[in-house]
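Structural overview for review
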Amino acid sequence: MKTLVIPPAAAGRILPFYLAAEEWLAMRAAPGDEWFFAWQAGPAVICGRHQDIPLEVDMAYAAEHGIQVWRRKSGGGCVYADSHNVMFSYITADRGGVQGCFGRYTALICRMLASLGIDAAPTGRNDVAVDGRKVAGNAFYRSHGRSIVHGTMLYDADPDTMGRVLTPSRAKLMSKGVHSVPSRITTLRRCGLGMSCDDFIAHAMQSMGGSGSYTLTAADIESVTAIMQTYLQDDFLRRGGLCRLPRHTGRRIEGVGEVAVWLGTGSDGLIDRCRISGDFFGSRASLDELCRALVGVVPEREALTAALSRYSVGDAIEGISADTLADLIIETTIS
């Protein structure tokens, strides 16, 4: 695996710069190359591609405390980033699907932590845990024929801020067997890691690398900055308006994540507006196409089954079945 070095000239950029660097790597990487890099930004919240931000983030608290709120192009849930944690990015060939990539990446992370005397293990869909508490959470998406996995590594933590600014649903917390965000997590410092955060980043880069490194040039930084603009567009950042639709039903589905269906129906009883949000993985384009396909459909089992049969529901929402999605839509119409 090769490592990407972020030079001092690019240090301290806003968080979307580093997400754009992942895409830049995905575009230029040779077919057999794997890449890894570490970075820090914040204080900021990074929301998943399919989430409705006002439902997940205390926006007033974020504004009051100077916490930026961004959206990424991967699925999954919100995470909080600041100088107490480290962000990792892994770019690889598009192989093995979502779980295959998570499996390989989390195994590499656990091996790196083991070299520091920390006994970590993959847990759930996409996390890394020590003694049952999450120390790293990860998300996935595809770009330019490559798979990108990125996530947090909790070197240390500010649990008070994290617990205030992140407002996940009760169903999500209870599915983990916990009652609050801070109670779910641990940190490398609590696990006995004595080295500084800078030394930990250096160790991670050295451990995960081995096949060479590349340092961004001034021209590269300009290219990454151009890609970054896609993260700053208002229709990407603020997409949603889901709360303004008349009815919604949300449920946590094992192996999928939290899925919320928001519907509006016309005077004729047909679906005239549909949005789906949550911390699931899947293609944004496929999800938008799926929602458009449901417009004009009567929200009854037979009609929904016929409409959903024409689409690959699993491409839009990884792991869900058409029957389960139909159940959610029907629940929404009678809620």
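Below you will find a few notes about this structure. The structure displayed is predicted, hence computed values, not measured ones.

Glancing now at the overall build of the protein. Counting its secondary structure elements, the protein contains 13 helices and 14 strands. The C-alpha radius of gyration of the protein comes to 20 Å, within 12% of the 20 Å expected for a compact globule of 335 residues. Referenced to the eigenvectors of the C-alpha coordinate spread, the extents of the protein come out at roughly 65 × 40 × 35 Å. Buried residues in the protein amount to 52% of all 335 residues.

Let's shift gears to the sheet that holds strand S5 (residues 79–81). In spatial order, the strands read S4-S3-S5; together these three strands make up an open sheet with mixed pairing. The two strands at the open ends of the sheet, each matched to only one other strand, are strand S4 (68–71) and S5. Strand-to-strand twist of the sheet, defined as the mean angle between neighbouring strand axes without regard to direction, takes the value 25°. Bridging between strand S3 (residues 44–47) and S5 involves three bridges; their strand directions are antiparallel. Opposite Ile 46, over in S5, you have Val 79 as the bridge partner.

Our focus in this paragraph is the packing of helix H4 (residues 97–114) against helix H7 (residues 197–208). The angle between the axes and the distance between the axes are what describe a pair of packed helices. Contact pair H4 / H7: the axes reach a minimum separation of 10 Å and the direction vectors enclose 125°. Viewed along their axes, H4 and H7 adopt a mutual orientation that is oblique. For the pair H4 and H7, the crossing hand works out as right-handed. Side by side, H4 and H7 meet where Tyr 105, Leu 108, Ile 109, Met 112 and Leu 113 of the first sit next to Phe 200, His 203, Ala 204, Ser 207 and Met 208 of the second. Partitioning the contact of H4 with H7 into residue classes produces eight nonpolar, two polar and no charged.

Further remarks concern the pattern of salt bridges. Counted according to the given criterion, the structure contains eight salt bridges. Put simply, Glu 23 and Lys 73 hold a salt bridge, and the shortest N to O gap is 2.9 Å. Placement of Glu 23 in helix H1 (residues 15–28) and of Lys 73 in the loop between S4 and S5 is noted, with a sequence separation of 50 residues between them. There is no split in this pair, since Glu 23 and Lys 73 are both buried.

Formed by 51 residues in total, the largest nonpolar core has its most connected members in Val 45, Phe 88, Ile 109, Leu 113, Met 153, Val 165 and Phe 200. With nine residues, the single largest contributor to this core is H4. When residues no more than four places from it in sequence are discounted, the contact partners of Val 165 are Val 45, Glu 56, Val 57, Asp 58, Tyr 61, Ala 62, Ile 67 and Tyr 80.

Backbone-to-backbone hydrogen bonds join strands into a sheet, with any given pair of strands oriented parallel or antiparallel. In space, the eight strands of this open sheet follow the order S7-S8-S9-S10-S6-S2-S1-S11, with mixed pairing throughout. At either margin of the open sheet sits one strand with a lone partner, and together these are strand S7 (121–123) and strand S11 (213–215). Pairwise comparison of adjacent strand axes, ignoring direction, gives a mean angle of 25° for this sheet. Docked against the sheet, H1 engages strand S1 (2–5), strand S2 (35–39), strand S6 (86–93), strand S9 (133–143), strand S10 (146–153) and S11, running at close to 170° with respect to S2.

A few words now on the packing of H1 against helix H8 (residues 218–232). Packing of H1 against H8 brings their axes to within 8 Å, and their N-to-C directions diverge by 115°. Relative to H8, H1 is oriented roughly perpendicular. For the element pair H1 and H8, the recorded crossing hand is right-handed. In contact with Pro 16, Phe 17, Leu 19, Ala 20, Ala 21, Glu 23, Trp 24 and Met 27 of H1, H8 contributes Asp 220, Ile 221, Ser 223, Val 224, Thr 225, Ile 227, Met 228, Thr 230, Tyr 231 and Leu 232. Residue classes in the contact of H1 with H8 are distributed as 13 nonpolar, three polar and two charged.

What counts, and at which threshold
- Residues numbered from 1 in each chain as written.
- Predicted model: local features only at pLDDT ≥ 70, side-chain atom pairs only at ≥ 80, totals over all residues.
- Heavy atoms only, no water.
- Helix = DSSP H or I, 4+ residues; strand = E, 2+ residues; numbered from the N terminus.
- Rg over C-alpha atoms; globule rule 2.2 N^0.38 Å.
- Buried < 20%, exposed > 50% of the residue type's maximum accessible area, 1.4 Å probe, protein only.
- Pairing = 2+ DSSP bridges.
- Axes fitted to C-alpha atoms, helices over the stretch in contact; angles between N-to-C directions.
- Parallel < 35°, antiparallel > 145°, perpendicular 65-115°, else oblique.
- Left-handed = near helix turned anticlockwise from the far one by under 90°.
- Contact = heavy atoms within 4.5 Å.
- Nonpolar A, V, L, I, M, F, W, Y, C, P; charged D, E, K, R; others polar.
- Salt bridge = Lys/Arg side-chain N within 4 Å of Asp/Glu carboxyl O.
- Core = buried A, V, L, I, M, F, W, Y, C linked by side-chain atoms within 4.5 Å.

From the geometry alone we can't say anything about function, so treat these as descriptive.
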